[in-house]
Amino acid sequence: MKNNHAMLEKNLKRNSLASRILMAISVTAGIVPLFIVIRMISLLTNDEMTIEKILIYGAGVGICQIIKALFYALSMWKAHESAYASLAKIRIHMIEHLKQLSFSFFQKRKIGDLTNIINHDVDKVELYLAHGLPEITIAALIPSIIAIGLLIIDWRLALALISTVPLVFLYQILLNKLAASKFEHYVKSTKKMSEDLLEYIATMPVIKAFSKEEKRTNIVLASMQDYISWVKNVTVGIAFPMTLAIMIMEAGFLVLAVVGSWLLGNHEISVDTFVLAVILGGIFSSTFAKFTAFHHIQIIFQNAVSSINSVMNVEPAYENSLSISYKTGSIVFKDVSFGYERENKVLDQVNLEFKKNSVNAIVGASGSGKTTIANLLMRFWEPDSGVVTINGIDINNMSEQSLSGLVSVVQQETFLFNMSIEENIRIGKKDATKEEIIQAAKDAQIHDMIMQLPRGYNTIVGESGAKLSGGEKQRISIARMILKNAPIIILDEATSAIDASNEYLIQKAIDHLSKNKTIITIAHHLNTIVKADQIIVMEDGKVAAKGPHETLLQDSKLYKKMIEEQANVDNWEIKEVI
């Protein structure tokens, strides 16, 4: 989606066009009775009023009041309907758009920032369309209708009334420029506070564990204080300048009174015309003052639209890719270099081949590039240079759906949705039958545990699977992958943080998952990968060595050292010191 700021703002306002037309009818109907009443006063002054005319004019006033109330209600109903429709539409489009963006986008943008945009900034759009825009419409229509009415009655009175309007607009332009930086800081402080609060709540167990020693609470409180400070700053920055704008506006009423008195004294206008002009001038000044006061709502709306566009204007990573069912084959990294920050290379000229249906392991120290290889294969990031291919096809030419159909990943940290076990497993294959789900669970060594639960497969797992143990969540995740049946499996040390009994069950589950598949294991426990067809030793972003276990023991000093250190760790035990 390639919406820019102006287009999105224009489309949102166009959706509320019907509401504004209805509001225009209501406002017009509300002003007409003033002219009718003044006409009645004129007739009474000249002894031309009759019972028949009183009834006709009275009926006209009553009809205008009914039209005013009816069309105002219809306008507000239409405004809220279009506002909430726009609200839902924006959120749906944002979610659909976010699904198309690359993993790198979510690394650059914080969850708190995106949550704030989807929740609060989109809500500001609804607030503007349902409440701000109708009020702005009223505040703009009433002065316009009054000015036109006075032009028809006496152009001199009309010019006197609007004589200060250009000054108000010039002052408003100057005020906007001065307030722009304040609003920018206000938006940034709101964004930072939301990010800090979301992170604070998510890491509450860590914060409580460190108790007095932790400093995160003070940081969050500081960001909240900064937000409050900028709210006060913006409020004061609007209130006092608006008072001056109202004074300038009311100066027009003073000019009208002076000019009208002079014209009345010279018998160039009638008393009823002067009275009508004074009444309309008072309404004009008070309503136009509201228009300038409501202007800050427009600024808030524009900032919200800018935030929304900061997401919607990001180009989808796979927009031009075709969804085709590709065949699996050898995976090749050719001259691949990559850095999360381009000046710092995490991978440097990496050349690798993972043959079809082979078992491969990647080992190395933290920061050597092991996980980055997996991230590039899943296209969470794109290489700075070089190419990654599957069966000779550049993965950058594959759609997200096509690549997802070829690759599955089992990670150490498993995420389950807050829904039933059956629904969590079905994510692997949306049209799977109950029998297929049960068979996948059996292969994942989790079926017996599920059947012991009171609601079985209908058990709700809780937020992020909170009601299950780490090993149980891992096996449900593996059941999901078995159901998906992708030909390439990436194992990010799925058993490293699991107890011995769960590790045994998970290893059996992985054996079912891995049949006739290309396996790439990111290994930390080296004793689990000695039977791999190919072991790749990474060091400082480069391939230090590769080959089977026995060959590496003879040819790679680094690998041999890693094996010896692993043995020392496995034999390590706490001894009593006397």
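Residues numbered from 1 in each chain as written. Predicted model: local features only at pLDDT ≥ 70, side-chain atom pairs only at ≥ 80, totals over all residues. Heavy atoms only, no water.

## Description of the overall build of the protein
Point 1. Secondary structure assignment for the protein yields 20 helices and ten strands.
Point 2. Within the protein, the proportion of its 578 residues that are buried is 44%.
Point 3. Within the protein, contacts between residues separated by at least 24 positions form 76% of all contacts whose residues are at least 6 apart in sequence.
Point 4. Approximately 30800 Å² of the protein is accessible, and the part contributed by carbon and sulfur atoms is 60%. (Helix = DSSP H or I, 4+ residues; strand = E, 2+ residues; numbered from the N terminus. Buried < 20%, exposed > 50% of the residue type's maximum accessible area, 1.4 Å probe, protein only. Contact = heavy atoms within 4.5 Å. Areas by Shrake-Rupley, 256 points an atom, 1.4 Å probe, with all protein chains shown as cover.)

## Quick word on the sheet that holds strand β6 (residues 407-410)
Point 1. Ordered in space as β6-β7-β8-β3-β9-β10, the six strands form an open sheet in which the pairing is mixed. In this open sheet, the two strands that pair with only one neighbour each are β6 and β10 (542-547). With strand direction ignored, the average angle separating the axes of adjacent strands in the sheet is 20°.
Point 2. Pairing of strand β3 (residues 359-364) with strand β8 (residues 518-522) involves four bridges; the strand directions are parallel. Bridging across to β8, Val359 finds its partner in Ile519. (Pairing = 2+ DSSP bridges. Axes fitted to C-alpha atoms, helices over the stretch in contact; angles between N-to-C directions.)

## Here we look at the packing of helix α3 (residues 51-100) against helix α5 (residues 111-153)
Point 1. Relative to each other, α3 and α5 sit at 155°, their axes nearing to 9 Å. Taken together, the axes of α3 and α5 lie roughly antiparallel to each other. The two elements α3 and α5 cross, and the hand of that crossing is right-handed. Along the contact surface, α3 presents Tyr72, Met76, Ala79, His80, Ala83, Tyr84, Ser86, Leu87, Ile90, Arg91, Met94 and Leu98, while α5 presents Ile117, Ile118, Asn119, Val122, Asp123, Val125, Glu126, Leu129, Ala130, His131, Pro134 and Ile138.
Point 2. Residue composition of the contact of α3 with α5, grouped by class: 17 nonpolar, four polar and three charged. (Parallel < 35°, antiparallel > 145°, perpendicular 65-115°, else oblique. Left-handed = near helix turned anticlockwise from the far one by under 90°. Nonpolar A, V, L, I, M, F, W, Y, C, P; charged D, E, K, R; others polar.)

## A look at the nonpolar core
Inside soluble globular proteins, nonpolar side chains tend to come together where they are buried.
Point 1. Counting residues in hydrophobic clusters, the biggest one holds 29 residues, and the most contacted among them are Ile331, Phe333, Phe354, Leu377, Ile390 and Val407.
Point 2. The next biggest cluster of nonpolar side chains, apart from the first, holds 28 residues, and it includes Ile38, Ile146, Val168 and Ile248. (Core = buried A, V, L, I, M, F, W, Y, C linked by side-chain atoms within 4.5 Å.)

## So, the layout of surface pockets
Point 1. Reported here for the largest pocket is a volume of approximately 1700 Å³.
Point 2. Mapped by element, the contributors of at least two residues to the lining of the largest pocket are α3, α4 (103-108), α12 (370-377), α13 (400-406), β6, α17 (470-484) and β7 (488-492).
Point 3. Its residues assigned to classes, the lining of the largest pocket comprises 19 nonpolar, 14 polar and eight charged. (1 Å grid on protein atoms, 1.4 Å probe; cavity = no way out; pocket = protein on both sides within 12 Å on 5 of 7 lines; lining within 4 Å. Points joined across faces, edges and corners; volume = space filled by probe spheres on them.)

## Details of helix α15 (residues 434-443)
At 3.6 residues per turn, the α-helix brings residues three or four places apart onto the same side.
Point 1. When α15 is considered as a whole, its buried residues turn out to be Ile437, Ala440, Ala441 and Asp443. Along α15, the residues classed as buried sweep out an arc of 160° about the axis, all on the same side.
Point 2. Residue Gln445 follows α15 closely and has a positive phi angle near 60°. (Arc of directions from axis to C-beta.)

## Considering the pattern of salt bridges
Point 1. For the structure shown, the criterion picks out ten salt bridges.
Point 2. A salt bridge links Asp154 to Arg156, with the shortest nitrogen-to-oxygen separation between them at 3.0 Å.
Point 3. The class for Arg156 is partly exposed, based on a relative accessible area of 26%.
Point 4. Connected via shared salt-bridge partners are Asp154, Arg156 and Glu268. (Salt bridge = Lys/Arg side-chain N within 4 Å of Asp/Glu carboxyl O.)

## Topic: the environment of Ile421
Point 1. The residue Ile421 is located in helix α14 (residues 421-426) in this model.
Point 2. By relative accessible area, Ile421 is classed as buried at 0%.
Point 3. Apart from the residues within four sequence positions on either side, Ile421 is in contact with Ile450, Leu453, Gly456, Tyr457, Thr459, Val461 and Ile476.

## Things to note about unusual backbone geometry
Point 1. A positive phi angle is found at Asp335, which is not glycine, with a value near 50°.
Point 2. Of note, Asp335 is situated in strand β1 (residues 331-338).
Point 3. We classify Asp335 as partly exposed; its relative accessible area is 33%.
Point 4. In the Ramachandran plot, Asp540 falls in the positive-phi region, its phi being about 55° despite a non-glycine side chain.

## Some words on the pairing of β10
Consecutive side chains along a regular strand alternate between the two faces of the sheet.
Point 1. Two elements, strand β9 (residues 534-539) and β10, share five bridges in a ladder whose sense is antiparallel. Its bridge partner lying in β10, Ile536 is registered against Lys546.

## Overview of the pairing of β3
Point 1. With five of its six residues buried, β3 lies for the most part within the structure.
Point 2. In this sheet, β9 lies alongside β3 in parallel orientation, the contact comprising five bridges. Each bridged residue has a counterpart across the sheet, and for Ile362 the counterpart in β9 is Ile536.

## Some remarks on the packing of aromatic side chains
Point 1. Across all of its chains, the model carries three aromatic pairs by this definition.
Point 2. With 5.7 Å between their ring centres and 55° between their planes, Phe338 and Trp381 make a pair best called tilted. Here Phe338 is found in strand β1, whereas its partner Trp381 is found in the loop between α12 and β4 (385-390), with 43 residues between them in sequence. Per residue, the accessibility class of Phe338 equals that of Trp381, and both read buried. (Phe/Tyr/Trp six-rings, centres within 6.5 Å; stacked < 30°, edge-to-face > 60°.)

## With respect to the sheet that holds β1
Point 1. With antiparallel pairing, four strands are arranged side by side in an open sheet as β2-β1-β4-β5. Looking at the sheet topology across the chains shown, the edges are occupied by β2 (347-354) and β5 (393-394).
Point 2. Where β1 lies against β2, five bridges are found, and the strand directions are antiparallel. Bridge assignment links Val332 to a residue of β2, and that residue is Glu353.

## Focus on the packing of helix α2 (residues 17-45) against α5
Point 1. Where α2 meets α5, the axes come as close as 9 Å, and the angle between the chain directions of the two elements is 40°. Compared by their axis directions, α2 and α5 come out oblique. Pair α2 / α5 crosses with right-handed handedness. The segment α2 lies against α5, with Arg20, Met23, Ala24, Val27, Thr28, Ile31 and Phe35 engaging Leu133, Pro134, Thr137, Ile138, Leu141, Ile142, Ile145, Ile146, Gly149 and Ile153.
Point 2. Of the residues that constitute the contact of α2 with α5, the class distribution is 13 nonpolar, three polar and one charged.

## Description of the environment of Met193
Point 1. Here Met193 is to be found in helix α7 (residues 165-202).
Point 2. The residues touching Met193, leaving out its near neighbours within four places in the chain, are Ser223, Met224 and Tyr227.

## Structural notes on a nonpolar patch on the surface
Point 1. Together, Leu151, Trp155, Leu159 and Ile162 make up a nonpolar patch on the protein surface, roughly 390 Å² of accessible area in all.
Point 2. Relative to the elements of secondary structure, Ile162 occurs in the loop between α6 (155-161) and α7. (Patch = residues over 30% accessible without salt bridge, like charges linked within 9 Å, V, L, I, M, F, W, Y side chains within 5 Å.)

## Section: the confidence of the model for the protein
Point 1. For the protein, the mean per-residue pLDDT works out to 79, and 81% of the residues sit at or above 70.
Point 2. Confidence drops under pLDDT 50 across residues 574-578; counting only partners more than four residues distant or on other chains, this segment forms zero contacts. (pLDDT = per-residue confidence, 0-100.)

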